[in-house]
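Spelled out, the chains give:
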Amino acid sequence: MNPVFAPPQAIYIHVPFCAHRCGYCDFTLVAGKDHLINNYLRALEMELSRVEDSPEISTLFFGGGTPTHLLPADLKRLLEIVLSKFRLAAGCEFSVEANPAGLSEEKIAILADAGVNRVSLGIQSFDAQILSVLERDHRQEEIDQSLQWLRRRINNIALDLIFAVPGQSLALWESTLEMAVAHHPQHLSTYGLTFEKGTAFWTRREKSQLTPATPELEREMYALALDKLPAAGYEHYEISNFAQPGFRCRHNEVYWTGQSYDAFGPGAARYLDGRRSINHRSVTTWLKRTLAGELPIGETEMLSPEDRAREAIALGLRRRAGIDLMEFHERTGYDLLELAGDAVDSLTAQGWLERNSGTIRLTHEGLFFADQVAGEFL
Ligand code: SF4
């Protein structure tokens, strides 16, 4: 039986502009090339021309880069271009990523007037020294000011934090968590710093100019977030994500539950009709191809039913609720324990997975080895 794929209810728009590139960042973006913004908007409009009949969507997410790096007039045009193609369902979660540097009341008003109801603010830390190591261009005063402005118009605010930064002590991370909680955001994400090949941080680590946190310290920092954030009323609902009740990120839940989504912009990844594809990661290649009327897709892969089922396990285990075995069977056509019973047994014996009344999920210990666990199923 061929699976029936539902049309995508989630749309991602990639906005690849930043004032400068932070040393650890390997996202698809250009820094200091704002002269490309006009062409980007033209190209995005062309790429979106493949969308027909104004489909209704449940989540819309603008990520980057820094969408709010755009000047107010460009930000307004970006929103108009995208909103002319889709109908937002009642209660649609409409998120935009923002950074404290360069945010203004005027930009927030443009977002709110266009229907944005969730802003994810990349603060990373409140500490001047840590922000400087990360090469972020904001200070605590800008975080406070941004949050004050945002609260007037947006009632769902998410904060991103980074731990295991060179030079960051456990006590400093604890005070960062406490300060974040004191701002009462609806959502918090905590990510351990990674050193990606091709970034300035990778090179500096190779040259011993940067010393990463030890694995023990990184583990202690993650454990601290796992203790402190739920104690402050945040549900730990995904490996790195915590939310006040009712404020989980519905857009990201689409990814973790293996539902379809479409995406536009350089480097944007989509999952449609069982096929994964990703646009060219080079902003200039994406621009050139799209403006020439060509498809900007760089890589594409049709997943077999078994690949889809295996991927559904790896993604589903990211959620603290884990995987409901019956629901998994209905969705993928596979009995999870027949497909991957050996891996489930050995990871359970290791103490990283647990089975409870028809579900499997990571144990508390398993959270610290989530990538290894996922790798066992792929
Ligand atoms: S602001 Fe964010 S997206 Fe932009 S360079 Fe820094 S880490 Fe990357």
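Calculation notes
Residues numbered from 1 in each chain as written. Predicted model: local features only at pLDDT ≥ 70, side-chain atom pairs only at ≥ 80, totals over all residues. Heavy atoms only, no water. Near = heavy atom within 4 Å. Nonpolar A, V, L, I, M, F, W, Y, C, P; charged D, E, K, R; others polar. Pairing = 2+ DSSP bridges. Helix = DSSP H or I, 4+ residues; strand = E, 2+ residues; numbered from the N terminus. Contact = heavy atoms within 4.5 Å. Axes fitted to C-alpha atoms, helices over the stretch in contact; angles between N-to-C directions. Expected span 1.5 Å × (residues − 1). Buried < 20%, exposed > 50% of the residue type's maximum accessible area, 1.4 Å probe, protein only. Domains from an automatic or database assignment. Buried area = accessible area lost by both parts, 1.4 Å probe. Salt bridge = Lys/Arg side-chain N within 4 Å of Asp/Glu carboxyl O.

## Digging into the site of the ligand
Taken together, C18, H20, R21, C22, Y24, C25, F27, L29, G65, T66, N99 and R136 form the complete shell of residues around the ligand. Its residues assigned to classes, the shell around the ligand shows six nonpolar, four polar and two charged.

## Quick word on the sheet that holds strand β17 (residues 359-362)
Read across the sheet, three strands follow the order β15-β17-β16 without closing on themselves; strand pairing throughout is antiparallel. The sheet terminates laterally at β15 (323-324) and β16 (353-356), the two strands that pair on one side only. Two strands pair when backbone bridges link them, and β16 and β17 are joined in this way by four bridges, in the antiparallel orientation. Residue pairing in the sheet places E354 in a bridge with R361 of β17. Contacts between helix α13 (residues 336-349) and the sheet are confined to β15, β16 and β17, with β16 contributing the most and set at about 120 degrees to the helix.

## Examining helix α2 (residues 72-83)
Along its twelve residues, α2 runs 16 Å from first to last C-alpha, staying within 8% of the 16 Å computed at 1.5 Å per residue. For α2, every residue scored as buried is listed here: P72, L75, L78, L79, I81 and V82. Lining the buried residues of α2 we find β1 (10-15), α1 (37-47), β4 (56-64), β5 (87-98) and α3 (105-113).

## Considerations on the domain arrangement of the protein
In terms of domains, the protein is made up of domain 1 (10-256) and domain 2 (305-375). Across the contact, twelve residues belong to domain 1 and twelve residues belong to domain 2. Of the roughly 1,100 Å² buried between domain 1 and domain 2 on both sides combined, carbon and sulfur atoms contribute 59%. A salt bridge links E253 to R319; its shortest N-O distance comes to 3.5 Å.

## A short note on helix α11 (residues 305-316)
Quick reminder: α-helices carry 3.6 residues per turn. Residues three or four places apart thus point the same way. Between its first and last C-alpha atoms α11 spans 16 Å; for twelve residues at 1.5 Å apiece the expected length is 16 Å, and the two agree. Of all the residues in α11, the buried ones are R308, A309, R310, E311, A312, I313, A314 and G316.

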